[in-house]
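Working through the structure, step by step
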Amino acid sequence: SQQGEEDPQALSIQEGENATMNCSYKTSINNLQWYRQNSGRGLVHLILIRSNEREKHSGRLRVTLDTSKKSSSLLITASRAADTASYFCAIQSYNTDKLIFGTGTRLQVFP
Amino acid sequence: GAGVSQTPSNKVTEKGKYVELRCDPISGHTALYWYRQSLGQGPEFLIYFQGTGAADDSGLPNDRFFAVRPEGSVSTLKIQRTERGDSAVYLCASSLVPRGLSYNEQFFGPGTRLTVL
C-alpha cells in the first residue's frame, strides 16, 4: 500500500490533556501535511511542514518532522471535546501534487 | 466564498450500473483532485487535473473509472459497470497553486457517498 501508517489507531483522552499522534512514511518527501476529518467527510487542512523544517506550531498544534526516521508527530495541547475527530497525515513528493494519506488516528476527547 | 461542492451527496446504485459524480471546485483553482475513501481508511488518490488535462491518473484502479474536466472547472468522475467494492466516499479537492511550486493546500469537498448494492 502507498499509505503511510499512523499510530495509535485510536486515542481516548480527557479534556485538558495533550494528544500525540504519530505518522511514518516510506518515500522521500517535499512536505508533510496534517488533516482533520469529522464524521467521515470534510477533510480540513491543519498544518504543513516542509522537508527542511523540523518543528512547526499553529495555535494548540505542534508538528515535528524527522526525515531521517521518515516520521512525524502531531501534538494537540489542552484538548477540547470539539477536537474529537479523525486525524490524517499526508505526504507530498517533489514530482507530483498528489497527497498520499496515512491510515488515520481516531481521537475521542471526553468532557 | 463558496468552497468545493460535490453532487450528489449520496448515491445508491445497483451492481453493473453506470454512475457519474460531479465536483465543482473553488472558482479560479487550476488543480482538481479526486480521492476515494473506504470505511476506516485514509483517502486514496485517484486522479488529478491541471486545467483540462489529467496530470496524473495513476490512482485509477481500472478502466471502469474515468474522469473529465472539459472546461478546466467542473469535473465528473465516471464509473462504469459498478461493483460492490466501489462503495466508498469519493472526495474531490481543488488547489490554487499550480504544479511546480513547492506547496499547495488542497481544499476538500464534503464527498459523495457511493453505495453499490
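Residues numbered from 1 in each chain as written. Chains lettered and ligands numbered in written order. Predicted model: local features only at pLDDT ≥ 70, side-chain atom pairs only at ≥ 80, totals over all residues. Heavy atoms only, no water.

1. What to know about the confidence of the model for chain A
On average, residues of chain A carry a pLDDT of 92, and 96% of them reach 70 or more. For chain A, strand β1 (residues 5–7) of chain A is the element with the lowest average pLDDT, namely 87, and strand β7 (residues 61–66) of chain A is the one with the highest, namely 98. (pLDDT = per-residue confidence, 0-100. Helix = DSSP H or I, 4+ residues; strand = E, 2+ residues; numbered from the N terminus.)

2. Comments concerning the pattern of salt bridges
Using the criterion set out here, one finds 7 salt bridges over all chains in the structure. With a shortest N-O distance of 2.9 Å, Arg60 of chain A and Asp83 of chain A are connected by a salt bridge. Separated by 23 residues along the polypeptide, Arg60 of chain A in the loop between β6 (55–58) and β7 and Asp83 of chain A in the loop between β8 (71–76) and β9 (85–92) bring together distant segments of the chain. With a relative accessible area of 7%, Asp83 of chain A lands in the buried category. Among the ionic pairs, Glu83 of chain B bridges to Arg64 of chain B, the shortest N-O distance being 3.5 Å. Here the residue Glu83 of chain B occupies a position in the loop between β8 (75–79) and β9 (88–95), and Arg64 of chain B occupies one in the loop between β6 (53–56) and β7 (65–68), the gap between them amounting to 19 residues. Judged by its relative accessible area of 39%, Glu83 of chain B is partly exposed. Note on Arg64 of chain B: relative accessible area 6%, which makes it buried. Sharing partners across several salt bridges, the network here consists of Arg64, Glu83 and Asp86 of chain B. (Salt bridge = Lys/Arg side-chain N within 4 Å of Asp/Glu carboxyl O. Buried < 20%, exposed > 50% of the residue type's maximum accessible area, 1.4 Å probe, protein only.)

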